[in-house]
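Take a look at the letters that make up each chain.
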Amino acid sequence: MRHISPKDAADLDAIETREWLDSVDYVLQSGGPLKVARLLNELTQYARRNGVKLPFTANTPYVNTIPADEQALMPGSPDVERRIKSFVRWNAAAMVVRANKASEGIGGHISTFASAATLYEVGFNHFFRGHDSGDPDVIFFQGHAAPGIYARAYLEGRIDETHLENFRRELKAGGGLSSYPHPWLMPDFWDYPSVSMGLSPIMAIYQARFIRYLEDRGLKPKSQTKVWAFLGDGETDEPESLGAITLPSREKLDNLIFVINCNLQRLDGPVRGNGQIIQELEATFRGAGWNVIKVLWGREWDPLLAKDRDGLLVKRMGEIVDGQYQKYAVESGAYLREHFWGADPRLLDMVKHLSDDQLKKMTLGGHDPVKVYNAFKAAVEHKGAPTVILARTIKGYGLGEAGEGKNITHQQKKLNEDELRAFRTRFGVPISDADIGHTPFYRPAEDSIETRYMRERRTALGGFVPARKVRGEVLTAPAHDQFEEFFKGTEGRKASTTMVFVRLLSKLLRDKDIGRFIVPIVPDEARTFGMEALFRAVGIYSHAGQVYEPVDMDTLLYYKEASDGQILEEGINEAGAMSSFIAAGTAYATHGVNTIPFFIYYSMFGFQRIGDLIWAAADSRTRGFLLGGTAGRTTLAGEGLQHQDGNSQLFALAYPNCLPYDPAYAFEMAVIIEDGIRRMYIEQESVFYYLTVMNEQYEMPPMPEGAREGILKGLYRFRSTSTPKAKLRAQLFGSGAILPEVVKAQAILESEYGVAADVWSITSYVQLYRDGYSADRWNMLHPGEPPRVPYVTQCLKDAPGVFVAASDYVKALPHAIDRWLPRPLATLGTDGFGRSESRESLRDFFEVDARYVVVATLGALARAGELEVSVVQKAIKALGIDSNKLDPAVS
């Protein structure tokens, strides 16, 4: 047998490969792409059946997804759009530079928008639909790109020069601009906050699904609305960014488009210096079932790729890591020729006709409007799956020596005159050398080609964006008699506040006026909360309906999925459920539908776990009800340290437009929810409620006369003493599940120790705290006016005796109001880690049961000199309390 040399083998291999490629070319020309795909699939299956182990890859080559010969012509005027984009670039940079000249350290970001300007401008000119279209798009703008969005609004005439001058100076006269998208601060402009990185993607996913929910339930007509989420490649390291991406592919959400600005840099350096973030993201999204469109190379690369018959250029593109690509972005054309093209003589030959300057100016895909337009067009037209566009850009594009492509560019906030002059010249902005040092803003005349073009394009697309418009119709309040049964008590029967809530929710779902607008949301704990009866009553939402026979089909309360189901069952996923809450709670503005979300979850996994999303909900002006289920450190028996919540009521205090309540009884909950519906959906207040509900069952008493106002303000007298003339007096505060313990303590104090105690229900320490500080602030600023008196002081200023508070939450919560009491407050609470135990043992461990309320009261009386210390000592012994037990706060 003749020996074949390595060179001969290589030549033979090359010939065989060429023959195969020619065959594919023939099939492609004669049968088209679909036939090639079918043939390759059959060849792959044949090879596998014959023992060929093919390496798995979810990646495609490092080139544009849309070939040059499949590109559509871009409509409009490229020259006018380029000039508009240049003016936007200039004003965005000028805004940040001027802000930092006027106020050192005020901050701002130039480089993010510089890299993404083409992505946004193509969207503004050709794709983003406004409110007048009837199907407005929902757009999550990348937070750090906010200067560019303001700069365009300035060109459009929507904001004036004073606003730009006051960027990041919101308290200045004439109005300013918030640093990032914040609907709370700019309620007519921004729809959603987006700068807490990672939250936009997950909110966008559940927003897209909620649109389908509204359509499938007949609350919104079928629409062409798209949800766009613009984010950075570095942002995808946040777990929330990618953690829910399988949901939109499962649900076939082709109304969702992610645009990831792949400038290969995070805040400090490369996203994947030793790897390729674009290929990593492609594999992740393709594996999750998304339509992936890569936009990597500008049009200057098309002729070179067309000549790349042997795939040498594509191979070279795919073997360079991101850190090296970043290096190429800052180097000269000569460097590129030597280090990129010089890897193979055949590559050098491909570019021998190009100068070094031409090599340097070859653009990336994310800076080429034609490439971006075609990617957006393909995304909008794609059916059956969400789309992600991976657009390769350079961070700080256009900044030149001031920071283009450099690791420092994210922090770049200042440009000197030479740098400004170079920026001006590069983009052709008509600013004179004499004016350059003043960094003036530039806006073409009202009748200029650019201004007319911008406005014509936005008119054609349905108006300006971003623009937040509240357009939901005011709802009709449910009849008061819907709540009557809860005011009467349970007449000897025991119930938990969770059971009460589910009963109340069931009634509201049947209400003829608001029932269809209610959105129950639960993260896979419906049975825990006793909500399974709702499965059959209103169904669990699924766009596909129910294509299987559930295992419990023969039972009364089977697991019923339906395309018009009302419950959003989000699985073990508080972040996703909270994103649904935000979508439903802002639908009054985003979609013009006043939906009422009720989101119930394990209370420990709310503010503690997804506090940032709840903060985003607050910023978004979300309306609705959060319900912390199985709440209270000692009320949730057996579950232990991770589940037992003694914190959430305190955490909720920090959220300015959240109204937290800890109701103990059915009538309290009914009053709060009835008033919440009035405030949010009749009066249109931008607040949301947090109610803690428990699983402990006890008798629900009837509502005391005159209690309504106090329930809402946070405090009312639940039960007065039966011996008001007794010498020893006390005022006992209880809330939530600990209120019945306080009531027990009242009986013990009166019968065993001669102490006459009034029992007060504290429905909201936070409401009392806010009212108290509001009064203090007013008094401080109006020293010559009659002082205002906090509500808690009004109620208790003449109350006799000592003050004792007990709750299932940390002691800091009751202490929030002690400054407005006439005497010091003795506080019992649940500081420390939870334990797996029974309620009785837990309340002994945390020292919040009736016995400890008695001892705390007697101790306070002794410290006040009204009782001998020996009485307290005897009580401790008689009540079986171990004085030497471990401190639960530190054990």
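In this report, the structure presented in the accompanying data block is examined. (Residues numbered from 1 in each chain as written. Predicted model: local features only at pLDDT ≥ 70, side-chain atom pairs only at ≥ 80, totals over all residues. Heavy atoms only, no water.)

1. Thoughts on the overall build of the chain
Stated precisely, the cut-off is as follows: Labels follow the DSSP assignment, with helices taken as runs of H or I lasting at least four residues and strands as runs of E lasting at least two, numbered in each case from the N terminus. To sort residues, take the accessible area from a 1.4 Å probe on protein chains only and compare it with the maximum for the residue type: under 20% means buried, over 50% means exposed, and anything in between is partly exposed. Two residues qualify as a contact provided that any one of their heavy atoms is within 4.5 Å of a heavy atom in the partner residue. Accessibility throughout is a Shrake-Rupley quantity obtained with a 1.4 Å probe, and a residue counts as covered only by protein chains that appear here. Charged residues are defined here as Lys and Arg on the positive side and Asp and Glu on the negative side; His and the ends of the chain fall outside this count. Every charge is mapped to an atom, namely NZ of Lys, CZ of Arg, CG of Asp or CD of Glu.
Of regular secondary structure, the chain possesses 35 helices and 20 strands. Principal-axis analysis of the C-alpha atoms gives the chain an extent of 110 × 75 × 55 Å. The proportion of buried residues among the 891 residues of the chain is 58%. Put simply, 77% of the contacts in the chain that link residues at least 6 apart link residues at least 24 apart. When the accessible surface of the chain is summed, it comes to about 36900 Å², and 52% of that surface belongs to carbon and sulfur atoms. Each charge class in the chain was averaged separately, 102 positive and 113 negative side chains, and the resulting centres sit 1 Å apart.

2. Description of the packing of aromatic side chains
Both the distance between ring centres and the angle between the ring planes are used here to describe each pair of aromatic rings. Using the following cut-off: Side-chain rings of Phe, Tyr and Trp (the six-membered ring for Trp) are treated as a pair once their centres are within 6.5 Å; stacked means planes under 30 degrees apart, edge-to-face means over 60, and tilted covers the remaining angles. A ring is scored as having a charge over it whenever the NZ atom of a lysine or the CZ atom of an arginine sits within 6 Å of its centre and within 35 degrees of its normal.
Scanning all chains against the criterion turns up 60 aromatic pairs. Their ring planes at 70 degrees and their centres at 5.5 Å tell us that Tyr 150 and Trp 190 sit as a pair that is edge-to-face. Residue Tyr 150 is located in helix α5 (residues 146-155), and its partner Trp 190 is located in the loop between α6 (161-165) and α7 (199-216); the two are separated by 40 residues in the primary sequence. Classification of Tyr 150 as buried rests on a relative accessible area of 0%. The ring of Tyr 397 has Arg 426 sitting right over it, with the charged end atom 4.9 Å from the ring centre. Over the ring of Phe 605 we find Arg 609, and its NZ or CZ is 5.5 Å from the ring centre.

3. Thoughts on empty space enclosed by the protein
A probe as big as a water molecule, rolled over the atoms, marks out the empty space that is left. Short version of the rule: The method works on a 1 Å grid over the protein atoms by themselves. A cavity is a set of points holding a 1.4 Å probe that cannot get out, a pocket is an open set with protein on both sides within 12 Å along at least five of seven lines, and residues with an atom within 4 Å of a point line them. Grid points are joined across faces, edges and corners, and a volume is the space filled by probe spheres set on the points. For this scheme, ten residues count as nonpolar: Ala, Val, Leu, Ile, Met, Phe, Trp, Tyr, Cys and Pro. Four count as charged, namely Asp, Glu, Lys and Arg, and the remainder, Gly too, count as polar.
In total, this model carries seven cavities of 30 Å³ or more according to the counting rule given. A volume near 90 Å³ is recorded for the largest cavity. Lining the largest cavity are Arg 129, Gly 130, His 131, Pro 136, Asp 137, Val 138, Ile 139, Asp 191, Val 465, Pro 466, Ala 467 and Thr 590. For the lining of the largest cavity, the residue count by class is six nonpolar, three polar and three charged. Put simply, the second largest cavity is a space of about 60 Å³. What lines the second largest cavity is simply Asn 64, Thr 65, Ile 66, Gln 71, Ile 293, Lys 294, Val 295, Lys 371, Asn 374 and Ala 375. Of all the secondary-structure elements, those providing two or more residues to the lining of the second largest cavity are β4 (291-295) and α17 (369-381). When grouped by side-chain class, the residues that make up the lining of the second largest cavity number four nonpolar, four polar and two charged.

4. Topic: the sheet that holds strand β18 (residues 755-762)
Note: strands within a sheet are paired through backbone hydrogen bonds, in either parallel or antiparallel orientation. Condition: Being paired, for any two strands, means DSSP has found at least two bridges between them. To define axes, lines are fitted to C-alpha atoms, for helices over the stretch in contact only, and angles between the resulting N-to-C directions are given on a 0 to 180 degree scale.
Spatially, five strands are ordered β16-β18-β17-β19-β20 in an open sheet, and the strand pairing comes out mixed. If you trace the sheet from one side to the other, it starts and ends with β16 (715-719) and β20 (825-828), each paired once. Across this sheet, the average inter-strand angle for adjacent strands is 30 degrees, counted without regard to direction. Two strands pair when backbone bridges link them, and strand β17 (residues 728-734) and β18 are joined in this way by seven bridges, in the parallel orientation. By the bridge assignment, Ala 730 is partnered in β18 with Ala 757.

5. What about the environment of Ile 431?
Mapped onto the fold, Ile 431 is located in the loop between α18 (417-427) and α19 (449-460). Among all residues touching Ile 431, those that are not within four sequence positions of it are Trp 90, Arg 424, Ile 436, Pro 440 and Tyr 442.

6. What to know about the sheet that holds β4
With parallel pairing, five strands are arranged side by side in an open sheet as β1-β2-β3-β5-β4. Edge positions in the sheet fall to β1 (138-140) and β4, since each of these pairs with one other strand and no more. Mean inter-strand twist for the sheet, computed between neighbouring axes without regard to direction, equals 15 degrees. Of the strand pairs in this sheet, β4 and strand β5 (residues 387-392) are connected by five bridges, and their pairing is parallel.

7. A few points about the layout of surface pockets
Here the largest pocket defines a volume of roughly 1800 Å³. Lining the largest pocket are 38 residues; nearest its centre among them are Val 24, Leu 28, Pro 61, Val 63 and Pro 67. Listing elements by their share of the lining of the largest pocket, those giving two or more residues are α1 (6-31), α2 (33-49), α10 (277-287), β4 and α11 (302-307). Examining the composition of the lining of the largest pocket, we find that nine residues originate from one element, α2, more than from any other. Taken together, the residues that form the lining of the largest pocket break down as 18 nonpolar, eight polar and twelve charged. When its volume is computed, the second largest pocket comes out at roughly 1300 Å³. What lines the second largest pocket is a set of 50 residues, among which Lys 361, Met 362, Thr 363, Tyr 397 and Arg 426 lie closest to the centre. Taken together, the elements giving at least two residues each to the lining of the second largest pocket come down to α3 (78-102), α4 (111-126), α13 (322-330), α16 (356-360), α17 and α18. The element best represented in the lining of the second largest pocket is α3, accounting for seven residues.

8. Quick word on the pattern of salt bridges
Note the cut-off: Only one rule defines a salt bridge in this text: a Lys or Arg side-chain nitrogen within 4 Å of an Asp or Glu carboxyl oxygen.
Taken as a whole and assessed by the stated rule, the structure comprises 53 salt bridges. Its salt-bridge partner being Glu 685, residue Arg 679 comes within 2.8 Å of it at the nearest N-O pair. Judged by relative accessible area, Glu 685 falls into the partly exposed class, the value being 27%. What you see here is one network of salt bridges that share partners, running through Arg 18, Asp 22, Asp 25, Arg 309 and Asp 310.

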